[in-house]
Amino acid sequence: MDTPLEINVSIDCIKNLVDNKNYEEALALCTSYLGQTNKKIVILKIHILFNLAKHLEIITECEKAYAIWPEEHFLKSKNTAISHLVKKYIKEKNYEKALQYLSSEICFKDSVLLGQKITVYIRLNQFSEALALCPPLTKKSNVFIEKKKITLLFLLKKYEEIIKECSIANGMWKDDYFTIPKMLLLVI
């Protein structure tokens, strides 16, 4: 069994390698037995995987870590890795692959992933499906999601809903984005 001193020496060695951008060597140290049982080393490993853009491995590591230490930062790191993958697939126009990572459960817990799923449905011209993902407007709503919702309402020609949504949203955020569509519709 590793002593606290050995653990601290390992952690310092890994940090030194990371500071010198020797990510592969640092990763090799993290994958030892100690790296599977010590939370600090697992966190360093996830950090190194981000530097190496190994998003699939990050997802796996975060799932394993969360099973041992159910802490929020492992879920956030996993969601960030998923977001990077989805962004890549959207850029490549590989929407089906992007949707594989955007389960309903994960999207309703993370507004960035929800926004990405809405974007994928918009790109697939599935406007009604995208609109169905948009939560009702409340004080806790995400302005980014609400802007996507207004866009979808325009695409679906739901003008009365746009006026209603923009009135409420503009009262909450004082954002020109919500003033302009409403003004345009009042002229029509």
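This structure is a prediction, so every number in the text was calculated from the model and none was measured.

**Points about the nonpolar core**
In terms of nonpolar packing, the biggest core is built from 53 residues, with Ile14, Ile48 and Ile118 touching the most fellow members. With 7 residues, the top contributor of residues to this core is helix α6 (residues 72-91). Other than its neighbours up to four places away in sequence, Ile118 contacts Ala130, Leu133, Cys134, Ile145, Lys148 and Leu152.

**Focus on the side chain of Asp110**
You can see Asp110 is positioned in the loop between α8 (104-107) and α9 (111-123). A distance of 3.0 Å separates a polar atom in the side chain of Asp110 from the backbone nitrogen of Val112.

**Remarks on the confidence of the model for the chain**
Model confidence for the chain is summarised by a mean pLDDT of 89, while 90% of its residues fall at 70 or above. When pLDDT is averaged over each element of the chain, α6 comes out on top at 97 and helix α3 (residues 33-37) at the bottom at 65.

**Notes on the state of the cysteines**
Here a disulfide denotes a covalent bond joining the sulfur atom of one cysteine to the sulfur atom of another. For the coordinates displayed, the defined rule picks out 0 disulfides. A disulfide-free cysteine, Cys30 has its sulfur positioned 9.7 Å from the sulfur of Cys13, the nearest such atom. Here Cys62 stays unpaired: no disulfide links it, and the sulfur of Cys30, its closest cysteine neighbor, is 13 Å away. Overall, Cys62 belongs to the buried group, its relative accessible area being 1%.

The rules behind each value
- Residues numbered from 1 in each chain as written.
- Predicted model: local features only at pLDDT ≥ 70, side-chain atom pairs only at ≥ 80, totals over all residues.
- Heavy atoms only, no water.
- Core = buried A, V, L, I, M, F, W, Y, C linked by side-chain atoms within 4.5 Å.
- Buried < 20%, exposed > 50% of the residue type's maximum accessible area, 1.4 Å probe, protein only.
- Helix = DSSP H or I, 4+ residues; strand = E, 2+ residues; numbered from the N terminus.
- Contact = heavy atoms within 4.5 Å.
- Polar contact = N/O pair within 3.5 Å; in protein donor to acceptor, adjacent residues only side chain to side chain.
- pLDDT = per-residue confidence, 0-100.
- Disulfide = S-S within 2.5 Å.

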